[in-house]
There are 2 protein chains.
Amino acid sequence: MSGQERLIYLPLGGAGEVGMNAYVYGWGAPGKERLILVDLGVTFPDMDSTPGIDLIFPDMSWLVQNAHRLEAIFITHGHEDHIGGLAHFWNELRAPVYCRRFTGHLAARKMEERGIDPGQIDVMEPFPEAVEAGPFTVAFLPVSHSIPESSALVIDTPAGRLVHTGDFKLDGAPVVGEPFNAELWHDIASSGVQALICDSTNIHAETPGRSEATLGSNIRELVATSSGMFVATTFASNVARVKTLAEAGRDAGRSVCLMGRAMLRMVQAAVETGVLTDFPPVISHEEAEDVPREHLMLIVTGSQGERRAATAQLSRGKYLGLELKADDTFLFSSKTIPGNERSVLRIVNAFSEMGVNVVDDSSSLYHVSGHANRPDLEAVHQLMKPKMVIPMHGEHRMLRRHAEAAEAAGIPAAVASNGTIIDLTGDRPAVAGHVETGRVYLDGTQKVGALDGVVRGRIRMALNGHVMLNVIFDEEDEPLGEPWAEIMGLAETGASRSSLVELIEAETAQYLARTDEKVLQDDDKLDAALRRVVRQVAVEEIGKKPEVTIVVSRLA
Amino acid sequence: MSGQERLIYLPLGGAGEVGMNAYVYGWGAPGKERLILVDLGVTFPDMDSTPGIDLIFPDMSWLVQNAHRLEAIFITHGHEDHIGGLAHFWNELRAPVYCRRFTGHLAARKMEERGIDPGQIDVMEPFPEAVEAGPFTVAFLPVSHSIPESSALVIDTPAGRLVHTGDFKLDGAPVVGEPFNAELWHDIASSGVQALICDSTNIHAETPGRSEATLGSNIRELVATSSGMFVATTFASNVARVKTLAEAGRDAGRSVCLMGRAMLRMVQAAVETGVLTDFPPVISHEEAEDVPREHLMLIVTGSQGERRAATAQLSRGKYLGLELKADDTFLFSSKTIPGNERSVLRIVNAFSEMGVNVVDDSSSLYHVSGHANRPDLEAVHQLMKPKMVIPMHGEHRMLRRHAEAAEAAGIPAAVASNGTIIDLTGDRPAVAGHVETGRVYLDGTQKVGALDGVVRGRIRMALNGHVMLNVIFDEEDEPLGEPWAEIMGLAETGASRSSLVELIEAETAQYLARTDEKVLQDDDKLDAALRRVVRQVAVEEIGKKPEVTIVVSRLA
């Protein structure tokens, strides 16, 4: 054995961002630890940094290289930032997957879509049921969050008990699922907690979090006092909220129609797995067309302004036969995730132009967060009395603030960002090394590295436009005819009011006529020289330096 | 005369967005009104919708076509969304420009930069000084905002007095400039106000606005109790805030250094025009290098996360010899404008990694808005008792909410978005027609229409990547050699692990070999067919449909 056995924590994703969670735990001699993985999520692209990309994964190379040491994968809940990468990496990891029933339902669908046997998924009952995975014994502890059957993990190790909270809040009345059970948490902690690895998302929220149940009467009143059609959007996976909304509709005598594939799929999954009972009856969008609008309520996808979701479609006009009109009400029972503000506001303004009354979260009456606020997190620290706190699930500023809060209460803590190996064995967290981490993009069907240059090329074309120039040389290395240019993403005419393409062709032709043979015969020199001429024309004419692709064809 | 003379209002920009303000007033027979223009601003591009674009202007075509009717241009204040388009359109409008001294200083610089004689600018003293412009008599009424010498306009017309507020707040102690003078406003209104054309930006803020002066003691205390270097950012043009920050630094015994070109330029302009007096002494960044960090305060540009501004530079490491370290403090004395959240958070997290204490606006202690909130706007409605209120300067949802507030108080109002001609002559606003409006982009040195396809091409390349394919045909219309492909922004290999470029070349070569002469001889058919082959290869290999440029060269 190459050294003393140790207990390690290694975030590969999620510690440095809200998104793409992937946390490794290990026990054994350094470099030979047996491993488990908690969650394998994705994050979403944006036009600024990742145009055209479909999904962003954590770079799993380290774990793939060490897959022979991986005992099992545990998924805490079904949000994309915890489950979205599973089916994309399972073939490279090939370990059994454990999760609760609702999460398993979602995971199985994703695995099937990628041709992987969903039999790899083992459904777990809640704590005290536990499963052994190498040196670890792991149980699923129900927590409240904004999707059914979210779980913390109670991970027993040779170095003591770990509690990995997953995403959670303290909710005494979560509408769907079990209320927070402080006594159970206290019991679990009674034999001592070596480390609490803890959600940090809402550490900057200074007041205690509010229960999902506080929304019911507000939403009921809003629906009951609205004339016209009532439309509400929320995250499709927030099944408790969808239920609250649907019940408010029913109580106001409205027929309820769910719109958007994700919304229908989530409610169906929740009903099929038994987590959602007595959901009000719903009607199809075809049926909804015949219901007088003051008796109709739609619950729709697209709270973040996603272009193709139902909310955005409705903001552009008729969608599946239904259309918003003056004096209808549209409720965002959701918060706008940073980065989505412009998309959401575009929709709000479109609704405003239609005369629709838009109600958003600014009053705090119609939305609560699924994450624990700072006072709640501090209460959990006190309840669990762990030997140390490791903040996870957050941007660096959140991890840091969370560590400060723990330290202020006398609990050792460490800010461990992606790639940091933390030794949890002792009395306080100790940095034990680093592994390479980063991001991998799903682009179409292919995984491309963040540094492969694919995205860089796209961003450059988007900022600068693209000129393609084509030159043919005959058997004697003499230009055959004039160069041929094409442009994309550039103004057709500039300062001189002549065609930019024709000017580029004329200037490059002149260059070829006057330059010496040494350049003409050297592809690299010729490429560089022509590129310079093209850019110079573009700068003079339109004040831009475009991307340039030169194609030299030689008949010789 | 073609009809009864009338008083009209026509927003060309700014009524439907916060940005690119341009408001026209006219008096005369319909279609023959003599016109004035108030403000000519820009808005800023984003990667989502306008990649590579430098500035966005309102489409001024209507006014350019009617430039012979334009008597004068009035600029209310020096913010880019009010002044930024002036120098870009002045040659097409050629009317005298009136503004206050500080605004004129900024405007003159912009005109000079574009080779326009700044002698076109006439500096005005505040009300009661007034200037005649055709049928209008216009005076500048000082208001508080977040830049010196902001003004409302008192516009006397044959149909009565208009008050165009510009951007404003009610501030009894604005630190720089004159306090709000309710008596003067009341006097101005005493002879009756036909219409109040009024800022709507903060209509959704439900509490009365706070004075700039409320920040002084908070900022002083924060600076005084901070160890390490203290760095603060705010909008460079918010000269009052810069002064408050600098005074707090001086009071804490710190040397003050301004960083970022805009910051230096604005303070200099304010000093030169006499609006800023007794500004604390400042040192250069070279001098700052020798000051112990606990005695140093930097005031820097880049509060919105702009990539090249001082804040972003400092978040990436050393900037002009200065570097942030653990236990330094960085204050955002600013609010993040929607759309800039990601950029700002990226910087906050970089500072967090350095161990810098970041203080933002979440406490409301270190920033106040420059716009009047709803209760303030309602107070102004009551003070001025206009015959009608026309909300301006805001997104549609803001204009609408503002109109509702006025109507609720019994004052007729109209939501007039860009391009709507409103007749202000009667007892209530009446829609009198519409003109074409839109956006024009500055791209490099050229103005391009928003619908010209330039930006569309760029976005497509950014989302889909770009394949260029080059085919040469000999004198007999036979393919000469194999097609030649280049890619940009695409993965180099896909499903088959072979080179995507080589596969495209091979498949298109095969296509050329098997297709009939009718296609080979028809450029359009050939283009379409090759495009299809290229896309098919790309879909099979990498699951993407790229943009494709086909260049066919015929030696015949």
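None of these values were measured; they are calculated from a predicted model. (Residues numbered from 1 in each chain as written. Chains lettered and ligands numbered in written order. Predicted model: local features only at pLDDT ≥ 70, side-chain atom pairs only at ≥ 80, totals over all residues. Heavy atoms only, no water.)

Moving on, we come to helix 5 (residues 182-190) of chain B. All names here are of chain B. Taken together, the buried positions of helix 5 are occupied by W185, I188 and A189. Seen end-on, helix 5 carries its buried residues on one side only, within an arc spanning 95°. Along helix 5, exposed side chains directed more than 90 degrees from the buried face belong to E183 and S190. Residues of helix 5 that are buried make contact with strand 9 (136-142), strand 10 (151-157), strand 11 (160-164), strand 12 (193-199) and helix 12 (374-384). Of the residues one or two after helix 5, G192 is the one with positive phi, at around 100°. (Buried < 20%, exposed > 50% of the residue type's maximum accessible area, 1.4 Å probe, protein only. Helix = DSSP H or I, 4+ residues; strand = E, 2+ residues; numbered from the N terminus. Arc of directions from axis to C-beta. Contact = heavy atoms within 4.5 Å.)

It is worth spelling out the domain arrangement of chain A at this point. All names here are of chain A. Along its sequence, chain A is organised into domain 1 (6-207 + 369-449), domain 2 (212-363) and domain 3 (465-554). A C-alpha centroid distance of 31 Å is found between domain 1 and domain 2. Facing 16 residues of domain 1, the contacting portion of domain 2 comprises 16 residues. The largest share of the area that domain 1 buries against domain 2 comes from F102, V175 and V176, three residues that together contribute 35% of it. (Domains from an automatic or database assignment. Buried area = accessible area lost by both parts, 1.4 Å probe.)

This part is about the sheet that holds strand 16 (residues 296-300) of chain B. The pairing of strands in a sheet happens through backbone hydrogen bonds and is either parallel or antiparallel. Residues and elements named next belong to chain B. Judged by pairing direction, the sheet is parallel, and its 6 strands sit side by side in the order 15-14-16-13-17-18 without closing on themselves. Each edge of the open sheet carries a strand with a single partner, namely strand 15 (282-283) and strand 18 (357-359). As judged from the 4 bridges shared by strand 13 (residues 230-233) and strand 17 (residues 329-332), these two strands associate in the parallel manner. Bridge pairing in strand 17 places F230 opposite T329. Across the face of the sheet, helix 8 (residues 261-272) comes into contact with strand 14 (255-259) and strand 16 while running at roughly 110° to strand 14. (Pairing = 2+ DSSP bridges. Axes fitted to C-alpha atoms, helices over the stretch in contact; angles between N-to-C directions.)

This part is about the UniProt feature "domain: Metallo-beta-lactamase" (unreviewed entry) in chain A. Mapped onto the present numbering, the UniProt feature "domain: Metallo-beta-lactamase" (unreviewed entry) falls on residues 19-219 of chain A. Between the end C-alpha atoms of residues 19-219 of chain A the distance is 29 Å, and the span holds 22% helix and 28% strand. (UniProt positions renumbered as here; feature names shortened; annotations may be inferred.)

The transform that puts chain B on chain A rotates by 180° and translates by 0.0 Å along the axis, for an RMSD of 0.0 Å. Here the copies are linked by what is in effect a two-fold axis. Nearest to the rotation axis, the C-alpha of B:A462 is located 2.7 Å from it, this being the minimum over chain B. When you check the interface residues of chain B against chain A, 100% turn up at the interface there too, and the contact is symmetric in its surfaces. (Least-squares fit on C-alpha atoms with pLDDT ≥ 70 in both.)

A complete count under the given rule lists 18 aromatic pairs over all chains for this structure. With 5.6 Å between their ring centres and 45° between their planes, A:Y9 and A:Y25 make a pair best called tilted. Remark: A:Y25 occurs in strand 2 (residues 22-28) and A:Y9 occurs in strand 1 (residues 6-13); sequence separation between them is 16 residues. A:Y25 gets classed as buried once you look at its relative accessible area, which sits at 0%. These aromatic residues form a ring-pair network of at least three members: A:Y9, A:Y23 and A:Y25. Its guanidinium or amino end placed over the ring of B:F89, B:K447 lies 4.1 Å from that ring's centre, counting from NZ or CZ. The ring of B:F473 has B:R554 lying over it, and the distance from NZ or CZ to the ring centre is 4.7 Å. (Phe/Tyr/Trp six-rings, centres within 6.5 Å; stacked < 30°, edge-to-face > 60°. Lys NZ or Arg CZ within 6 Å of the ring centre and 35° of its normal.)

Let's shift gears to the sheet that holds strand 22 (residues 439-443) of chain B. All names here are of chain B. Sheet architecture is open: 3 strands sit in the order 4-22-23, paired in antiparallel fashion. Both outer strands of the open sheet, strand 4 (55-58) and strand 23 (446-449), are each paired with one neighbouring strand and no more. Averaged over all neighbouring strand pairs, the angle between strand axes comes to 35°, with direction disregarded. Of the strand pairs in this sheet, strand 22 and strand 23 are connected by 4 bridges, and their pairing is antiparallel. Note on strand 23: the bridge partner recorded for V440 is G449. Against the sheet, helix 3 (residues 86-93) engages strand 4, strand 22 and strand 23, with an angle of about 40° to strand 4.

Below, the discussion takes up empty space enclosed by the protein. Throughout the structure, instances matching the rule amount to 2 cavities of 30 Å³ or more. Space inside the largest cavity adds up to approximately 70 Å³. Taken together, A:M468, A:L469, A:N470, A:V551, B:M468, B:L469, B:N470, B:W484, B:E486, B:T549 and B:V551 make up the full set of residues lining the largest cavity. The set of elements that each furnish at least two residues to the lining of the largest cavity consists of strand 24 (466-473) of chain A together with strand 24 (466-473), strand 25 (484-488) and strand 26 (547-554) of chain B. Taken together, the residues of the lining of the largest cavity break down into 7 nonpolar, 3 polar and 1 charged. Of the pockets and cavities examined, the second largest cavity occupies roughly 50 Å³. What lines the second largest cavity is simply A:H145, A:S146, A:K169, A:D171, A:P174, A:E212, A:N238, A:R241, A:V368, A:S369 and A:G370. Split into classes, the residues belonging to the lining of the second largest cavity amount to 2 nonpolar, 5 polar and 4 charged. (1 Å grid on protein atoms, 1.4 Å probe; cavity = no way out; pocket = protein on both sides within 12 Å on 5 of 7 lines; lining within 4 Å. Points joined across faces, edges and corners; volume = space filled by probe spheres on them. Nonpolar A, V, L, I, M, F, W, Y, C, P; charged D, E, K, R; others polar.)

So, about a negative patch on the surface. A contiguous patch of negative charge, built from A:E475, A:E476, A:E478, A:D516, A:E517, B:E475, B:E476, B:E478, B:D516 and B:E517, is present on the exposed surface. Among the secondary structure elements, A:E475 is positioned in the loop between strand 24 and strand 25 (484-488). (Patch = residues over 30% accessible without salt bridge, like charges linked within 9 Å, V, L, I, M, F, W, Y side chains within 5 Å. Areas by Shrake-Rupley, 256 points an atom, 1.4 Å probe, with all protein chains shown as cover. Salt bridge = Lys/Arg side-chain N within 4 Å of Asp/Glu carboxyl O. Lys, Arg positive; Asp, Glu negative; His and termini not counted. Charge placed at Lys NZ, Arg CZ, Asp CG, Glu CD.)

Let's shift gears to the interface of chain B and chain A. On the chain A side, the residues contacting the 62 residues of chain B number 62 residues. Of the roughly 5300 Å² buried where chain B meets chain A, counting both sides, 59% is carbon and sulfur surface. Among the residues chain B hides against chain A, the three largest losses belong to B:M47, B:R342 and B:M488. Together they make up 13% of the total. Seen at the junction of chain B and chain A, the total is 4 salt bridges. Here A:R342 makes a salt bridge to B:D46, at a shortest N to O gap of 2.8 Å. Among the elements of the structure, helix 11 (341-354), helix 13 (396-408), strand 23, helix 14 (454-464), strand 24, strand 25, helix 17 (523-542) and strand 26 of chain B are those that each provide at least two residues to the side of chain B that touches chain A. When residues in the side of chain B that touches chain A are grouped by element, the largest group, 8 residues, is from helix 11 of chain B.

What follows concerns the pattern of salt bridges. Residues and elements named next belong to chain A. Enumeration over the complete set of coordinates arrives at 56 salt bridges over all chains. Its salt-bridge partner being E149, residue R100 comes within 3.3 Å of it at the nearest N-O pair. Note that R100 is positioned in the loop between strand 6 (97-99) and helix 4 (101-113) and E149 in the loop between strand 9 (136-142) and strand 10 (151-157), a separation of 49 residues in sequence. With relative accessibility at 18%, the residue E149 sits in the buried group. Put simply, R374 and E206 hold a salt bridge, and the shortest N to O gap is 2.3 Å. Taken together, the residues span a long stretch of sequence, with R374 in helix 12 (residues 374-384) and E206 in the loop between strand 12 (193-199) and helix 6 (215-224) at a distance of 168 residues. Assessed through its relative accessible area of 44%, E206 is described here as partly exposed. Connected through shared salt-bridge partners, R6, E33 and R69 make up one network.

As a further point, take the packing of helix 6 (residues 215-224) of chain B against helix 7 (residues 239-251) of chain B. Residues and elements named next belong to chain B. The geometry of helix 6 relative to helix 7 is characterised by a closest axis approach of 9 Å and an angle of 40° between their N-to-C directions. Classified by the interaxial angle, the pair formed by helix 6 and helix 7 is oblique. Viewed along their axes, helix 6 and helix 7 form a crossing whose handedness is right-handed. Side by side, helix 6 and helix 7 meet where L215, G216, I219, R220 and V223 of the first sit next to R241, T244, L245, A248, G249 and D251 of the second. Per-class residue counts for the contact of helix 6 with helix 7 are 5 nonpolar, 3 polar and 3 charged. (Parallel < 35°, antiparallel > 145°, perpendicular 65-115°, else oblique. Left-handed = near helix turned anticlockwise from the far one by under 90°.)

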